[in-house]
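# Summary of structural features
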Amino acid sequence: MIGVLVSGEGTNLQALLREELPVVAVAASSEAVPALARARAREIPTAAFELERFDGRLERDRAMAAWLLERAVELVVLAGFMQILTPTFLEQFPGRAVNVHPSLLPQFPGLRAVERALAAGVSETGATVHLVDEGVDSGRVLAQGRVPIVAGESAHTLHRRIKRVEHRLLPVVVRLLVRDLVPA
Ligand code: GRF
């Protein structure tokens with residue numbers, strides 16, 4: 001059973017739903033996250049875990065992990081979740097948390113990866129699906145797809161093209177994880 005964490009538009013969540021992966025819970029970093037509507041449209045249980053409402057990140061993560069575990073979540077997918085998770089959260093899902101990031105890691109980890117790739121003048125970037133560890137986008141890479149950079153393009157159009165690759169890669173990797181076909 002899959003739990004998805006979101007902070008944004010939710011197009012990666014949509015890609016998982018389109019592939020009929022068993023998403024049983026969607027948790028967001030704020031009530032205002034547009035991705036929540038996609039989950040609600042499918043009657044998938046949702047909850048928002050706003051940091052300000054907790055006594056710090058640790059308490060937020062304890063509550064979020066407990067909510068996911070109550071729903072029998074065994075695999076956590078960070079689909080555009082823009083906050084760092086504590087070791088306390090990750091210990092509940094050992095080797096079973098995966099993230100999608102808009103660059104060819106280890107290049108451009110962290111925020112504004114698309115803008116930074118453009119500013120660096122590299123000729124290609126891409127998308128990475130990787131296991132989540134305690135660092136910033138530093139866990140083991142499971143899949144990558146390349147995207148050439150077109151001269152003069154904006155971060156917006158480049159990110160749109162990267163997302164198309166993400167939407168292809170993420171469901172494939174998640175399906176392998178669900179079937180336990182990714183070597184530890
Ligand atoms: C994606 O580009 C993902 O790589 C990054 O945040 C974006 C989320 O997009 N971490 P969406 O909310 O799935 O549309």
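Attention here is on the structure that accompanies the text. (Residues numbered from 1 in each chain as written. Predicted model: local features only at pLDDT ≥ 70, side-chain atom pairs only at ≥ 80, totals over all residues. Heavy atoms only, no water.)

### Observations regarding the pairing of strand β4 (residues 75–78)
Regular strands show a simple pattern: their side chains alternate between the two faces of the sheet. Rule in force here: Exposure classes here rest on a 1.4 Å probe applied to the protein chains alone. A residue is buried below 20% of its type maximum, exposed above 50%, and partly exposed in between. For the purposes of this entry, the term helix denotes a DSSP run of H or I that reaches at least four residues, the term strand denotes a run of E that reaches at least two, and both are numbered from the N terminus. In this analysis, strands are considered paired if DSSP registers two or more bridges between them.
Across the two faces of β4 the burial is the same, with L75 and V77 and V76 and L78 all buried. Sheet topology places strand β1 (residues 2–6) next to β4; 4 bridges connect them, and they run parallel. If you follow I2 over to β4, its bridge partner there is L75. When β4 meets strand β5 (residues 97–101), the two strands line up parallel, connected through 3 bridges. Across the sheet, the residue bridging to V77 is V98, located in β5.

### Observations regarding the site of the ligand
Inclusion rule: We call a residue near a given molecule or strand whenever any one of its heavy atoms falls within 4 Å of it. Definition of a polar contact: a pair of N or O atoms within 3.5 Å, with one able to donate and the other able to accept a hydrogen when the atoms are protein atoms, and with sequence-neighbouring residues admitted only if both atoms are side-chain atoms. All accessibility values rest on the Shrake-Rupley procedure with a 1.4 Å probe; residue burial counts only the protein chains present in the view. The nonpolar class holds Ala, Val, Leu, Ile, Met, Phe, Trp, Tyr, Cys and Pro. Asp, Glu, Lys and Arg form the charged class, and all remaining residues, Gly among them, are polar.
Taken together, G8, E9, G10, T11, N12, G80, V100, H101, P102, H159, K163 and E166 make up the full set of residues near the ligand. Here an oxygen atom of the ligand and a backbone polar atom of P102 are 3.4 Å apart. Isolated, the ligand exposes 370 Å² of accessible area, and the fraction of that covered by the protein chains is 92%. Counting residues per element, the shell around the ligand draws most heavily on helix α6 (residues 155–178), which supplies 3 residues. Residues of the shell around the ligand, tallied by class, amount to 2 nonpolar, 7 polar and 3 charged.

### Topic: helix α5 (residues 113–120)
Applied cut-off: Throughout, the arc means that of the directions going from the helix axis to the C-beta atoms. Contacts are assigned to residue pairs that have any heavy atoms within 4.5 Å of one another.
For α5, the complete set of buried residues consists of A113, V114 and A117. Along the axis of α5, the buried positions cluster into a sector of 100 degrees, meaning they face one direction only. Tucked into the core, α5 has its buried residues touching β5, β6 (124–131) and α6. Immediately downstream of α5, the backbone of G121 shows phi near 75 degrees, a positive value.

### So, the packing of aromatic side chains
Rules: Under the pairing criterion, centres of Phe, Tyr and Trp rings, with the six-membered ring standing for Trp, must be within 6.5 Å; the plane angle then separates stacked pairs below 30 degrees from edge-to-face pairs above 60, leaving the rest tilted.
The full count for this structure, using the stated rule, is 3 aromatic pairs. With a centroid separation of 6.3 Å and 25 degrees between ring planes, the pair formed by F49 and F54 is classed as stacked. Look at F49 and you get buried, because its relative accessible area is 7%. Both rings, one in F89 and one in F93, keep their centres 5.3 Å apart while their planes meet at 40 degrees; by these two values the pair is tilted.

### Observations concerning the pattern of salt bridges
Any two side chains of opposite charge can pair, on the condition that their charged atoms come close. The condition that has to hold: Salt-bridge detection follows one rule: a side-chain nitrogen of Lys or Arg within 4 Å of a carboxyl oxygen of Asp or Glu.
Per the stated rule, a full pass over the model turns up 10 salt bridges. E59 is the partner of R62 in a salt bridge, and the nearest nitrogen-oxygen pair spans 3.0 Å. You can see R62 and its partner E59 sitting in helix α3 (residues 57–70), 3 residues apart, about one turn around the helix. On the accessibility criterion, R62 (45% relative accessible area) is partly exposed.

### A word on the environment of L51
By the secondary structure assignment, L51 is in the loop between β3 (46–48) and α3. When the C-alpha positions of L51 and S30 are compared, they lie 8.3 Å apart, and in sequence the two are 21 residues distant. Setting aside residues up to four positions removed in sequence, L51 forms contacts with G56, R57, R60 and Q83.

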